[in-house]
Amino acid sequence: MLSNTEKELIVQIWDKMIPVAEEIGSEALLRMFTTFPKTKTYFSHLDISASSEHLRCHGKKIVQALADGARNISTLATTLAPLSRFHAYQLRIHPTNFKLFNHCIIVTLACHMGDNFTPVAHAAIDKFLSAFSAVLAEKFR
């Protein structure tokens, strides 16, 4: 699915996002909550207002998980197995929401990366996020 060049590019992109993980993650989440308000229902117990500690903390966790997945892309199913079980069995996140978030994280990356968000980078990130989401969603029944 991903060429070696795309895999390297994906790792480079996510490694660059680690220092700004809270900002990238929280912005993508806020974008999702604004654009797709129904996704807020999974976060009703948290303060998800702009720049809230909960939003920044969860956003950072997401970006770190994406970076970890990028570094372990060959074993993505194994790497993400605990997250897949957690999102399916405990949180009961419907898989559609992962696709919605993918769109929001791509837009956020495009805004932050500027000219470095090339068509090649876009395609690689899109493929990676699709694979990441598929693994997260596979336990959902």
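Structure's up top.
Just so you know, these numbers come straight off a predicted model, no measurement behind them. (Residues numbered from 1 in each chain as written. Predicted model: local features only at pLDDT ≥ 70, side-chain atom pairs only at ≥ 80, totals over all residues. Heavy atoms only, no water.)

Asker: Where do I start with the pattern of salt bridges in this structure?
Answerer: For side chains bearing opposite charge, pairing can occur when the charged atoms are close. Here the structure, examined in full by the defined rule, presents 4 salt bridges. Here R71 makes a salt bridge to D15, at a shortest N to O gap of 2.9 Å. You can see R71 sitting in helix α3 (residues 53-71) and its partner D15 sitting in helix α1 (residues 4-17), a full 56 residues away along the chain. We note a salt bridge from R56 to E22, for which the minimum N-O separation is 3.1 Å. (Salt bridge = Lys/Arg side-chain N within 4 Å of Asp/Glu carboxyl O. Helix = DSSP H or I, 4+ residues; strand = E, 2+ residues; numbered from the N terminus.)

Asker: Looking at this structure, I do not really get the nonpolar core. What am I missing?
Answerer: Nonpolar side chains tend toward joint burial in soluble globular proteins. Counting residues in hydrophobic clusters, the biggest one holds 42 residues, and the most contacted among them are W14, L109 and F128. Listed by contribution, the elements that provide at least two residues to this core are α1, α2 (21-35), α3, α4 (76-90), α5 (96-113) and α6 (119-137). In contact with W14, not counting residues within four places along its chain, are V63, L66, A67, A70, I105, L109, I125, F128 and L129. (Core = buried A, V, L, I, M, F, W, Y, C linked by side-chain atoms within 4.5 Å. Buried < 20%, exposed > 50% of the residue type's maximum accessible area, 1.4 Å probe, protein only. Contact = heavy atoms within 4.5 Å.)

Asker: Honestly, the packing of α3 against α6 in this entry has me stumped. Any pointers?
Answerer: The relative placement of two packed helices is expressed as an angle between their axes plus a distance between the axes. Orientation of α3 relative to α6, taken along the N-to-C sense of each, is 100°, at an axis distance of 11 Å. When the axis of α3 is compared with that of α6, the two are roughly perpendicular. Of the residues in α6, those touching α3 at A65, L66, G69 and A70 are F128, L129 and F132. The residue makeup of the contact of α3 with α6, split by class, is 6 nonpolar, 1 polar and no charged. (Axes fitted to C-alpha atoms, helices over the stretch in contact; angles between N-to-C directions. Parallel < 35°, antiparallel > 145°, perpendicular 65-115°, else oblique. Nonpolar A, V, L, I, M, F, W, Y, C, P; charged D, E, K, R; others polar.)

Asker: What is the right way to look at α5 in this model?
Answerer: Because an α-helix packs 3.6 residues into every turn, residues spaced three or four apart end up facing the same way. Relative to the 26 Å expected for 18 residues at 1.5 Å per residue, α5 spans 26 Å between its end C-alpha atoms, a close match to the ideal helical length. Turning to α5, its buried residues are N97, F98, L100, F101, N102, C104, I105, I106, T108, L109 and M113. Against α1, α2, α3, α4 and α6 lie the buried residues of α5. Among the residues trailing α5, G114 stands out with phi positive, at a value near 60°. (Expected span 1.5 Å × (residues − 1).)

Any functional reading would require information beyond the geometric quantities listed.
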